[in-house]
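Residues per chain, in single letters:
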Amino acid sequence: MTAPAYNFAYLDEQTKRMIRRAILKAIAIPGYQVPFASREMPMPYGWGTGGVQVTAAILGPNDVLKVIDQGSDDTTNAVSIRKFFVKTAGVKTTTTTTEATVIQTRHRIPETPLGDHQVLVYQVPIPEPLRFLEPRETETRRMHALSEYGLMHVKLYEDISRHGHIATAYAYPVKVDDRYVMDPSPIPKFDNPKMNDCPALQLFGAGREKRIYAIPPYTQVVSLDFEDHPFEPYRHDASCELCGATDSYLDEVITDDRGTRMFVCSDTDYCGTRRAMGHGTAAEDTEAAHDDR
Amino acid sequence: MSALDTEEPLLVADGLTKYYGRQLGCRDASFELYEGEVMAVVGESGSGKSTLLQLLSGQIEPTSGRVLYRMRDGAATDLWSMSEPMRRFLYRTDWGFVHQDPQRGLRMGVSAGGNVGERLMAVGWRNYADIRGVATDWLGRVEIPEDRIDDTPRTYSGGMRQRLQIARNLVTSPRLIFMDEPTGGLDVSVQARLLDLLRRIVSEMRLAAIVVTHDLAVARLLSNRIMVMKGGTVIESGLTDQVLDDPHEPYTQLLVSSILPA
């Protein structure tokens, strides 16, 4: 047997088929964690090996790939994964959300609403939402099977009793299609509402934990909460200092060692597009504002 | 409560036998437990007390024999013919299980309020203020100061942990509670206080209880009826006072006479 030394998108076809089967099963049972035979990838665990495998399995030659890390197209993780697929698949890449057909993401959902021609691939570190409450895998599986999700609310209860409000700010647990409780990966809870009824297919890959799960298009996704402490998306009470957006998720950036800080959109494509359209204050004004303080 | 409720037994054990491979755990245990009745199971270690308790509470499947439990709708149902979700639901709502070691019965990293509220949230309570209200009330009933509600059981003393475990189990108003050496490992004054509390709660809530203990004083204080086990079999049973004051079996006589005079 002479195996070719090179195959499109790094993984061999049999591996891709195995991953696709897991993806199909995940789509058929929204929110359910499907085990799969995760492969060694040429990058360390925690760098998105799960997401990369899912992307490799669904990528076609005509796809346009966008990779973001914390909303940004130009951080190490995003750049290296994008380069990886340019090298192994030769696909077109983009930083523009609307142009992309496959978007691999770590920790964010793009601000620009997604369409039904797009697939969003999440990198997941810990797929099990019940993990830190119940360490036994046999028990958490049984709890999922029997929809025993009281424990998830114990976590939220603890938050309120300690902090006065639900302090979980990322990886905020959701219930998918009124059945499975799911960890949405460490996206800020600001992004949770975007998962609900989303036209795009959302796939989640956890490489080290060997799990794939999915939210099919137009599926109900509800963030868990209490009647008297309802779910609230959180964002800093500010506008982006570059593009002036008041509806985007903001990063807090420390600009010097005297505590000066600025808020900017974490989604670089969204911010850049808005600035190109003439939104936001000029750079000099921003500088002036800093001097006033 | 209708007459029927009191006439039908709550729990029926029928020829319960458990072998661990060739090793006998418990042989041919049969009895009936009525609502509001407290039964003590005594015997030395290795006599099959804990096996019996696990059989009765549906944690292990008997080799032969069966356990019938009268559900709230009045139908006596075989534990092992129930579906697993049903059995687990029963375990979380209609039953309680107090472990000897509170670390097994509590979530040590979760606050006392969360520990008590867990069962409520498991049966669908979704109002924080309500859950907290009930938890506060229950902490008061087991004599834990209200201002300790947000502390984890790690910061509690042994007696407080055991009382918290009891509150956690009783919050859904179960009808039957299993206790495995509830006073084990506690010092004497704390034991006395816990027994007082248990006695009060059991009679207030008309709880049926099965208490496994090696301490005859605990059995005498808490229980109406008693079963003495030895080598996996029940050798003597009857009303607690009768058995303890006038034991028939030589082993029971030995057990009773081995108590140090106060």
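So, how was this worked out
Counting restarts for each chain, with residues numbered from 1 along the sequence as it is written. For naming, the first written chain is A and the first written ligand is 1, with later ones following in the order written. Where totals are concerned, whole chains, interfaces and linings use all residues; where local detail is concerned, this predicted model gives features only for residues with pLDDT of at least 70, and gives and counts side-chain atom pairs only at 80 or more. The side-chain figures draw on all heavy atoms in the structure; neither hydrogens nor water molecules are used. To get an axis, fit a line to the C-alpha atoms, keeping to the stretch in contact for a helix; angles then go from 0 to 180 degrees between the N-to-C directions. Secondary structure elements are defined from DSSP: runs of H or I of at least 4 residues count as helices, runs of E of at least 2 residues count as strands, and each element is numbered from the N terminus. Our angle categories are set so that under 35 degrees counts as roughly parallel, over 145 as roughly antiparallel, 65 to 115 as roughly perpendicular, and the remainder as oblique. Here is the rule for handedness: rotate from the far helix to the near one, and if that takes an anticlockwise turn smaller than a right angle the crossing is left-handed, while a clockwise turn gives right-handed. Note on definitions: a residue-residue contact is assigned when non-hydrogen atoms from the two residues lie within 4.5 Å. Whether two strands pair depends on DSSP finding at least two bridges between them. Only one rule defines a salt bridge in this text: a Lys or Arg side-chain nitrogen within 4 Å of an Asp or Glu carboxyl oxygen. Exposure classes here rest on a 1.4 Å probe applied to the protein chains alone. A residue is buried below 20% of its type maximum, exposed above 50%, and partly exposed in between. Two aromatic rings from Phe, Tyr or Trp, using only the six-membered ring of Trp, form a pair when their centres are within 6.5 Å; if the ring planes differ by under 30 degrees the pair is stacked, by over 60 it is edge-to-face, and anything between is tilted. Buried area: the accessible surface (1.4 Å probe) lost by two parts on joining, summed over both. Residues are grouped as follows: Ala, Val, Leu, Ile, Met, Phe, Trp, Tyr, Cys and Pro are nonpolar; Asp, Glu, Lys and Arg are charged; all remaining types, including Gly, are polar.

### As for the packing of helix H7 (residues 158-170) of chain B against helix H8 (residues 188-205) of chain B
All names here are of chain B.
Move 1: Contact geometry of H7 with H8 gives a least axis separation of 10 Å together with a crossing angle of 15 degrees. Viewed along their axes, H7 and H8 adopt a mutual orientation that is roughly parallel. Relative to H8, the crossing made by H7 is right-handed. Packed against H7, whose contacting residues are Gly 159, Gln 162, Arg 163, Ile 166 and Leu 170, the element H8 presents Val 190, Arg 193, Leu 194, Leu 197, Leu 198, Ile 201 and Met 205 at the interface.

### Overview of the sheet that holds strand E5 (residues 119-123) of chain A
Move 1: The strand order across the open sheet built from 7 strands is E1-E9-E8-E5-E4-E2-E3 (chain A), with neighbouring strands paired in mixed fashion. If you trace the sheet from one side to the other, it starts and ends with strand E1 (34-35) and strand E3 (92-93) of chain A, each paired once.

### A closer look at the pattern of salt bridges
Move 1: Within this structure, the stated rule accounts for 38 salt bridges over all chains.
Move 2: Here Glu 13 of chain A and Lys 16 of chain A are joined by a salt bridge, their closest N and O atoms 3.3 Å apart. Of this pair, Glu 13 of chain A and Lys 16 of chain A both sit in helix H1 (residues 13-28), 3 residues apart, which is roughly one turn of the helix.
Move 3: According to the relative accessible area criterion, Glu 13 of chain A is partly exposed, its value standing at 36%.
Move 4: Its relative accessible area of 1% is what places Lys 16 of chain A among the buried residues.
Move 5: A salt bridge links Glu 181 of chain B to Lys 49 of chain B, with the shortest nitrogen-to-oxygen separation between them at 4.0 Å. Of this pair, Glu 181 of chain B sits in the loop between strand E7 (176-180) and H8 while Lys 49 of chain B is found in helix H2 (residues 49-56), placing the two residues 132 residues apart along the sequence. With respect to class, Glu 181 of chain B is no different from Lys 49 of chain B; both count as buried.

### Section: the packing of aromatic side chains
Residues and elements named next belong to chain A.
Move 1: Tallied over the entire structure, the rule returns 14 aromatic pairs over all chains.
Move 2: Ring centres of Tyr 122 and Phe 204 lie 4.1 Å apart, and the angle between their planes is 10 degrees; this geometry places the pair in the stacked category. Taken together, the residues Tyr 122 in strand E5 and Phe 204 in strand E8 (residues 201-206) connect sequence positions 82 residues apart. Just as Tyr 122 is buried, Phe 204 falls in that class too.

### Considering the sheet that holds strand E6 (residues 174-176) of chain A
Residue and element names in this part refer to chain A.
Move 1: Strand order in the open sheet made by the 3 strands is E7-E6-E10, with antiparallel pairing throughout. Each having just a single partner strand, strand E7 (180-182) and strand E10 (221-223) make up the two edges of the open sheet. Taken over all neighbouring pairs, the strand axes of this sheet differ in orientation by 30 degrees on average, direction set aside.
Move 2: As paired strands, E6 and E10 are joined by 3 bridges and run antiparallel to one another. Residue pairing for E10: Lys 175 is matched across the bridge by Val 222.

### Remarks on the interface of chain A and chain B
Move 1: Contact with chain A, which involves 21 residues of that partner, is made by 22 residues of chain B.
Move 2: Interface area, chain A with chain B, both sides summed: about 1800 Å², of which 55% is carbon and sulfur.
Move 3: The salt bridge involving Glu 139 of chain A is made with Arg 88 of chain B; its shortest N-O contact spans 3.0 Å.
Move 4: For the side of chain A that touches chain B, the secondary-structure elements that each account for two or more residues are helix H4 (137-145) and helix H5 (150-163) of chain A.
Move 5: By residue number, the principal contributor to the side of chain A that touches chain B is H5 of chain A, which donates 9 residues.
Move 6: Its residues placed into classes, the side of chain A that touches chain B shows 8 nonpolar, 4 polar and 9 charged.

From the geometry alone we can't say anything about function, so treat these as descriptive.
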